[in-house]
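Listed below are the residues making up each chain.
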Amino acid sequence: MSLRYALLGLLSDGPASGYDLLRTFKHSLANVWPATQSQIYTELTKLADTGLIEISDEGPRGRKEYTLTDAGLEDLRTWLTTTKPKQVVRNEALLRIFFLGVVPREQALAYLADMEQHSSAAHEELTELERQIDWDDSNLSRYGRIALEYGERITALNREWARWAIEQLPLEN
């Protein structure tokens, strides 16, 4: 359901083709809500069929540009203001940490070190992404920057936590 609103939100910034939307997903929303090319194009068809978006231009090789309709904007606003986001309550990585005591120390250490490395790499990717984006004062840019900051802070927190957790392991098993 959120792919629908991700696409409506992106189109609220202006018309875009499916290719443009896919590129935006890869460079920004993939860290929040990943989607494949087939998922995006399938959802665009559904949105057009329900009148939430419309094809505003067609180009060579079947290229279509989509525009948000008034009904689509209203649906997006309703979703933003009247529904509560579902809170994730499952975290497999953290569940595994509860039981790391059943494996040798070296394996527990490797698991936590991998978490630290993964968090560091994700943090570096987000930091590089921030440098590459040509930020402007549009809503998508402004609020995208706020979302990116969340990701940077979470990955930094996870990296620091993993370093701390490694220090908590007993010296011997």
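Presented here is a report on the structure given in the accompanying data block. (Residues numbered from 1 in each chain as written. Predicted model: local features only at pLDDT ≥ 70, side-chain atom pairs only at ≥ 80, totals over all residues. Heavy atoms only, no water.)

**Notes on the nonpolar core**
So, point 1. Ranked by size, the top nonpolar core spans 19 residues in total, and within it Leu7, Leu8 and Ile53 carry the most contacts.
So, point 2. At the level of elements, α1 (2–11), α2 (18–27), α3 (37–49) and β3 (64–68) are the ones that each hand at least two residues to this core.
So, point 3. The element best represented in this core is α1, accounting for seven residues.
So, point 4. Beyond its immediate sequence surroundings of up to four residues, Leu7 is in contact with Leu21, Phe25, Ile40, Glu43, Leu44 and Leu47.
So, point 5. Ala108, Leu112, Ala165 and Ile166 belong to the second-largest nonpolar core, a separate cluster that totals six residues. (Core = buried A, V, L, I, M, F, W, Y, C linked by side-chain atoms within 4.5 Å. Buried < 20%, exposed > 50% of the residue type's maximum accessible area, 1.4 Å probe, protein only. Helix = DSSP H or I, 4+ residues; strand = E, 2+ residues; numbered from the N terminus. Contact = heavy atoms within 4.5 Å.)

**Focus: helix α4 (residues 70–82)**
So, point 1. Between its first and last C-alpha, α4 extends 18 Å over 13 residues, near the 18 Å set by a 1.5 Å rise per residue.
So, point 2. Regarding α4, the residues found buried are Gly72, Asp75 and Leu76. Considered in projection along α4, the buried side chains sweep an arc of 100° and stay on one side of the axis. Along α4, the residues that are exposed and aim more than 90 degrees away from the buried face are Asp70, Thr81 and Thr82. (Expected span 1.5 Å × (residues − 1). Arc of directions from axis to C-beta.)

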